[in-house]
Structure formats: structure tokens, C-alpha cells
Amino acid sequence: SQQGEEDPQALSIQEGENATMNCSYKTSINNLQWYRQNSGRGLVHLILIRSNEREKHSGRLRVTLDTSKKSSSLLITASRAADTASYFCATVLYYGNNRLAFGKGNQVVVIP
Amino acid sequence: EPEVTQTPSHQVTQMGQEVILRCVPISNHLYFYWYRQILGQKVEFLVSFYNNEISEKSEIFDDQFSVERPDGSNFTLKIRSTKLEDSAMYFCATQGLQETQYFGPGTRLLVL
């Protein structure tokens, strides 16, 4: 079955730097969503981008979607120590089927 | 801000025992989901529930699993006879008319 897949990277950056992580998927989708998970906690929804959108912003977050390459990126600008978390992309195949298919996650550590 | 709650936060059980995990959705949400995350692995979809019936389930959701809304508010996941491999974090998620799923903090289940 189709799944979101992040580049399996652990990212360690200094506070104030930008963090970029990528996600690829295998089949057509309705939308792609990014979630954050702090260690041992629940998943927090960050942003959703639809298949007909190419870029979306929310605060310090910027998401891009390239449906021709079946890939997405999440950029966190001016990172803060509180951004330390795992970040997951998840895809929804088509409208009406809301099952989220998650990728493996990227661990981001922001050093104060 | 309304949030999804789950109880218990942790559960330890013996193999073969039944467990019931509980979720209180955000009020007026219509769609309900269970996901699980085995330690170090992806978040996996188990089941979706709408209008008092299962709308979709994954291959993981076999006859040992069941869901219900016993009192019209709580949403429960029952595992009839737990196995060692059921040890995981179980997340409830709920969704209203928008596409965003809101996750609870999870129940950590350990089967001994």
C-alpha cells in the first residue's frame, strides 16, 4: 500500500538555523500532512497541503508539494529548542478515505 | 482548545488478557480512528469508524480487535486476547468536517 516515506535522517542544528526534511510517496494522493511528535507523546498536526497546491505557509513552517516527483518538503525557519521533535509526513489517498499513511519520521534536534 | 483524551495512559497486561483502551473524542467530531506505533516504527492505521460502524480497517485489525461507541461519547478499542506483539502506543484520532485528524496523547500498552 502507498505510504509517505521521509528521508531517514536525524537532523541536528543550532537554534536559529533552518531545518528541512523531505518526504516521498508512491501513488496519487488527495493531500499530504505533516505532524510533530515530542518524545513519547501524541501527534500534533502541523499543516496540510492538497494535491492541487504547490506551497503552503503557516507561521515558521513552509511546506512544498511536487506531485510530479511525488515528494514534499517541510522547512522550519529560525528553529527553536522547542522544535526538537520527530516530524512525520502522512498521506491521504483520496477524498472520503481519511486513512493516514505515515512515514518513518525525521528526528530533529535543535541545540540552544 | 478542545482535545482528544485517552485512558489509561499506560497499561501492563499479561498475554492472553483482554484490554480496553478508551478515547473521548472532541465533541461534534464525526470520524474516529485508532492507530498504533510499535516502538521505533511507523504509526500504523488500524481502523476508522463513522456513523456507528467501521468504515475501513487494516490487515492488522483482525478478529482480536473490536471498536465501539458504547455510550455515544467514548470510543473504545478492545483487544480480546493480547499477544506480545500487541505491545505498542495506541493513538485515538478524531475528525470533524475538516480534513485534520486530532490525535490523543496515546496509551502505552505493554504485554508480558
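It should be noted that the structure appears before, not after, this text.
Residues numbered from 1 in each chain as written. Chains lettered and ligands numbered in written order. Predicted model: local features only at pLDDT ≥ 70, side-chain atom pairs only at ≥ 80, totals over all residues. Heavy atoms only, no water.

Q: Could you give an account of the nonpolar core, with specific residues and numbers?
A: Counting residues in each nonpolar core, the largest one holds 23 residues, and the members touching the most others are B:W34, B:L46, B:F61, B:V67, B:F75, B:L77 and B:Y90. Contributing elements (two or more residues each) for this core: β3 (19-24), β4 (31-37), β5 (43-50), β7 (65-68), β8 (75-79), β9 (88-95) and β11 (107-111) of chain B. Beyond its immediate chain neighbours, meaning those up to four positions away, B:F75 contacts B:L21, B:R22, B:C23, B:P25, B:F32, B:Y33, B:W34, B:F49, B:V67, B:E68, B:R69 and B:C92. Of all hydrophobic cores here, the second largest spans 22 residues; its members include A:A19, A:L46, A:L65 and A:I76. (Core = buried A, V, L, I, M, F, W, Y, C linked by side-chain atoms within 4.5 Å. Buried < 20%, exposed > 50% of the residue type's maximum accessible area, 1.4 Å probe, protein only. Helix = DSSP H or I, 4+ residues; strand = E, 2+ residues; numbered from the N terminus. Contact = heavy atoms within 4.5 Å.)

Q: Could you give an account of the side chain of B:D86, naming the residues involved and the relevant values?
A: Residue and element names in this part refer to chain B. For D86, the position within the fold is in the loop between β8 and β9. Within the buried core, D86 has no salt-bridge partner, and the shortest N-O distance to an opposite charge, that of R36, equals 4.1 Å. Apart from the residues lying within four places of it in its own chain, the contact partners of D86 are R36, F65, I79, S81, L109 and V111. (Lys, Arg positive; Asp, Glu negative; His and termini not counted. Salt bridge = Lys/Arg side-chain N within 4 Å of Asp/Glu carboxyl O.)

Q: Describe the interface of chain A and chain B, naming the residues involved and giving the relevant values.
A: One frequent convention defines the size of an interface as the accessible area lost when the parts assemble. Listed per partner, the contact involves 23 residues of chain A and 21 residues of chain B. Taking both partners together, chain A and chain B bury about 1,700 Å²; carbon and sulfur atoms supply 48% of that area. On the chain A side of the contact with chain B, A:L43, A:N98 and A:R99 bury the most area, a combined 35% of that side's loss. For the pair chain A and chain B, the number of links is 2 salt bridges. Between A:R99 and B:E56 there is a salt bridge, and its shortest N-O distance comes to 2.8 Å. Sorting the residues of the side of chain A that touches chain B by element identifies β4 (31-37) and β5 (43-50) of chain A as the ones contributing at least two each. (Buried area = accessible area lost by both parts, 1.4 Å probe.)

Q: Which residues make up a nonpolar patch on the surface, and what values do they have?
A: All names here are of chain B. Together, V12, L110 and L112 line one region of the surface with nonpolar side chains, adding up to about 270 Å² of accessible area. For L112, the location among the structural elements is in the segment after β11. Look at L112 and you get partly exposed, because its relative accessible area is 48%. (Patch = residues over 30% accessible without salt bridge, like charges linked within 9 Å, V, L, I, M, F, W, Y side chains within 5 Å. Areas by Shrake-Rupley, 256 points an atom, 1.4 Å probe, with all protein chains shown as cover.)

The values are spatial; any link to function lies outside them.
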